[in-house]
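What the coordinates show
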Amino acid sequence: MSQTAALASAVPKRPEGGARASGLLLTIILVGQFLAILNVNIVNVATPTIEADLGSSGAGLQMIVAGYTIVYAVLLITGARIGDLFGYRNAFLGGLAVFTLTTLGAGLAPSTGWLVAARLLQGAGAALMMPQVLTLIQRNYQGAARGRAIGLWSLVISGGIVVGQALGGILLGFGTGWRIVFLVLVPIGALLLGAGLKVLPADQGGGRAGLDPLGLLSLSAAVLLLVVPMVLGRELGWPVWGWISMGLSVVMFAGFVRIERWVTARGGRPLVDARVLRAPGMRPGLAILLFGPATWGAFLFTSALHLQGELHLSPLASGMMLVPCALAFGLVGLGWPRLPARLQRSLVPFGYVVAAPAYLGLGLAAGGGLPYAIMSALVGAGLGVQVAVTNMATEQVDGAYAADASGALLTVMQLGQVIGVSTVGTLFITLSQGHGTMSASMVSSLAMAGLAVLAGLSSLFLIRRTT
């Protein structure tokens, strides 16, 4: 029996009729996802006014910005398992409710401590909500409808980050203060809650008991030990404790693998089922979704510093410079399911063949204007194949294990973005301090091109495993 057949026979079948799921369902879960992604960057441009209004310290501002990302990254796998236990509808709506209430709390925060706490809880709500989006898509859509839904899912992830950088500048431009960047999202969240209660289908989750506390604690500790120094290390000058923490994270990841094998051997329910990782395409897909988002996170971070630094663009103008990138990403991602199946797979390495030299072109076009916008669009077009990667990585994972796949994919993508920002971002800032952002852009574009090449090489294994 082949590996694929063995996997299919070992797990429950995917629910029937998923391809007929309503467009309103997809709209609700994707808008919820958009709000969560938007909050990663929308607060960045508001930090000067927050500092002036609340008298925040440097450490306080760091936690206002980074606390959300840290908690979100650590709890994604946990959020996926909660959906498996209590139902994906309940988990999504519960996460959305927490997110909306804490967003209101952030907008009304009277002090820095209050705002930091609200941001941490926002991250927890997002971590509970986000994994259910991809899980609901996997369980309710099939065939071409599933490909289109995953295309929109990827577009929202990439577009939400770009929009966040621009929307913060637009809202602050009205002169209403920093609180508007939070309060404007509250009525949208409340509207989604009301609609979701009526539209989202009831479900019983994955029908698997147990939270795997040992796996949960070891993985959460591993991610926390890795993410905290990567998010805060650059601002703190990469202290010794950060390097020790990252070294310990490797030990904890190894411990997590051993714990999961032990849980499986005892007949328990591991946090990430090994059958998911053995599904054709899953492991090379995870590698691609580590390197690809690393280039994306690095690009957004360094471009904002360059465009608003040496080129003196406003937050809104610098955000608009990235619109061609987001549009090209969306066109490729949404057009991919319309291609013949054979071409869909060969398109993946070709995308990174386009993205790698486009990153190099960004360094040469660092002066801005039309050349920069064209290179940005080519980057987006190349990375648009990540929609195909997500679909190929999950297409042979049974719906009963969709939560495991969602949690793993989202966690790896988030870690990729954090790694890209911390490594390439640090390189960019270090070089710009002595030679300006024009020269730093040349070197950082070379690093991003190298990461794109690694993603392209990984895609060759993906095609081999899924063909």
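What you see is a predicted model, and the numbers here were worked out from it, not measured in a lab. (Residues numbered from 1 in each chain as written. Predicted model: local features only at pLDDT ≥ 70, side-chain atom pairs only at ≥ 80, totals over all residues. Heavy atoms only, no water.)

**A look at the overall build of the protein**
- Within the protein one finds 19 helices and 0 strands.
- Relative to a compact globule of 467 residues, whose C-alpha radius of gyration would be 23 Å, the protein shows 21 Å and is just as compact.
- Out of the 467 residues belonging to the protein, those deemed buried represent 57%.
- Taking contacts inside the protein between residues at least 6 apart in sequence as the whole, the part at least 24 apart equals 85%.
- If you sum the accessible surface of the protein, you get close to 18,000 Å²; carbon and sulfur atoms cover 71% of it.
- The protein carries 25 positive and 13 negative side-chain charges, and their two centres are separated by 10 Å. (Helix = DSSP H or I, 4+ residues; strand = E, 2+ residues; numbered from the N terminus. Rg over C-alpha atoms; globule rule 2.2 N^0.38 Å. Buried < 20%, exposed > 50% of the residue type's maximum accessible area, 1.4 Å probe, protein only. Contact = heavy atoms within 4.5 Å. Areas by Shrake-Rupley, 256 points an atom, 1.4 Å probe, with all protein chains shown as cover. Lys, Arg positive; Asp, Glu negative; His and termini not counted. Charge placed at Lys NZ, Arg CZ, Asp CG, Glu CD.)

**Topic: unusual backbone geometry**
- Even without being a glycine, W238 presents a positive backbone phi close to 50°.
- Secondary-structure assignment places W238 in the loop between α10 (213-236) and α11 (240-265).
- Overall, the relative accessible area of 23% leaves W238 in the partly exposed class.

**A short note on helix α18 (residues 386-394)**
- α18 sits mainly inside the fold: 9 of its 9 residues count as buried.
- Along α18, the positions that sit buried rather than exposed are Q386, V387, A388, V389, T390, N391, M392, A393 and T394.

**So, the packing of aromatic side chains**
- What the rule picks out here adds up to 6 aromatic pairs.
- Ring geometry for W178 versus F182: centroids 6.2 Å apart, planes at 85°, classification edge-to-face.
- A relative accessible area of 2% places W178 in the buried class.
- With relative accessibility at 0%, the residue F182 sits in the buried group.
- On the numbers, 6.1 Å between centres and 50° between planes, the contact of W296 with F299 is tilted. A residue pair is termed a helical-turn pair when its members lie 3 or 4 positions apart in one helix, as W296 and F299 do in helix α13 (residues 282-308) at 3 residues. The residues W296 and F299 share a single accessibility class, namely buried.
- Taken together, W296, F299, F329 and Y359 form an aromatic cluster joined through their ring pairs. (Phe/Tyr/Trp six-rings, centres within 6.5 Å; stacked < 30°, edge-to-face > 60°.)

**Quick word on a nonpolar patch on the surface**
- Where nonpolar side chains cluster on the molecular surface, the patch consists of V453, L454, L457, L460 and F461 and spans about 470 Å² of accessible area.
- Tracing the backbone through its elements, the reader meets V453 in helix α19 (residues 402-466). (Patch = residues over 30% accessible without salt bridge, like charges linked within 9 Å, V, L, I, M, F, W, Y side chains within 5 Å. Salt bridge = Lys/Arg side-chain N within 4 Å of Asp/Glu carboxyl O.)

**A closer look at the confidence of the model for the protein**
- Averaged over all residues, the pLDDT of the protein is 84; the fraction at 70 or higher stands at 93%.
- Across the protein, element-level confidence peaks in helix α5 (residues 88-107) with a mean pLDDT of 95 and bottoms out in helix α1 (residues 3-10) with 37.
- Segment residues 1-20: pLDDT under 50, and 43 contacts once partners within four positions in sequence are set aside and those in other chains are kept. (pLDDT = per-residue confidence, 0-100.)

**Focus on the side chain of T78**
- With respect to the helices and strands, T78 occurs in helix α4 (residues 58-86).
- The exposure class assigned to T78 is buried, which follows from its relative accessible area of 12%.
- When near neighbours in sequence (up to four residues on either side) are disregarded, T78 contacts L216 and S220.

**Focus on the side chain of S376**
- Tracing the chain through its elements places S376 in helix α17 (residues 369-383).
- Overall, the relative accessible area of 0% leaves S376 in the buried class.
- With residues near it in sequence (within four places) discarded, S376 still touches F299, M321, L322, C325 and L362.

**A few points about the packing of helix α15 (residues 323-335) against α17**
- Where α15 meets α17, the closest approach of the two axes is 7 Å, and the angle between their N-to-C directions is 30°. Regarding the angle of α15 to α17, the classification is roughly parallel. When you trace α15 past α17, the crossing you get is right-handed. Counted together, P324, C325, A328, F329 and V332 of α15 and A373, S376, A377, V379, G380, A381 and L383 of α17 form the full contact between these two elements.
- Partitioning the contact of α15 with α17 into residue classes produces 10 nonpolar, 2 polar and no charged. (Axes fitted to C-alpha atoms, helices over the stretch in contact; angles between N-to-C directions. Parallel < 35°, antiparallel > 145°, perpendicular 65-115°, else oblique. Left-handed = near helix turned anticlockwise from the far one by under 90°. Nonpolar A, V, L, I, M, F, W, Y, C, P; charged D, E, K, R; others polar.)

**Comments concerning the pattern of salt bridges**
- For the structure shown, the criterion picks out 1 salt bridge.
- Here R179 makes a salt bridge to D53, at a shortest N to O gap of 3.7 Å. Highlighted residues: R179 in the loop between α7 (143-172) and α8 (180-183) and D53 in helix α3 (residues 47-54), separated in sequence by 126 residues.

**Some thoughts on the packing of helix α16 (residues 341-364) against α19**
- The interhelical angle for the contact between α16 and α19, taken along N-to-C directions, is 175°, at an axis separation of 8 Å. As judged from the angle between their axes, α16 and α19 are roughly antiparallel.
- Of the residues assigned to the contact of α16 with α19, the class counts are 16 nonpolar, 7 polar and 1 charged.

**Re helix α9 (residues 186-199)**
- If you check α9, its first and last C-alpha atoms are 20 Å apart, about what 14 residues at 1.5 Å a residue would give, namely 20 Å.
- Taken together, the buried positions of α9 are V186, G189, L192 and G196. One side of α9 holds all its buried residues, which, seen down the axis, span an arc of 120°. Counted as exposed and oriented over 90 degrees from the buried face of α9: P187, L191 and K198. (Expected span 1.5 Å × (residues − 1). Arc of directions from axis to C-beta.)

**Looking at the environment of T423**
- Relative to the assigned elements, T423 resides in helix α19.
- Considering only alpha carbons, one finds T423 and A298, 125 residues apart in sequence, at a separation of 8.1 Å.
- Within polar-contact distance, the side chain of T423 engages the backbone oxygen of I419 at 2.6 Å. (Polar contact = N/O pair within 3.5 Å; in protein donor to acceptor, adjacent residues only side chain to side chain.)

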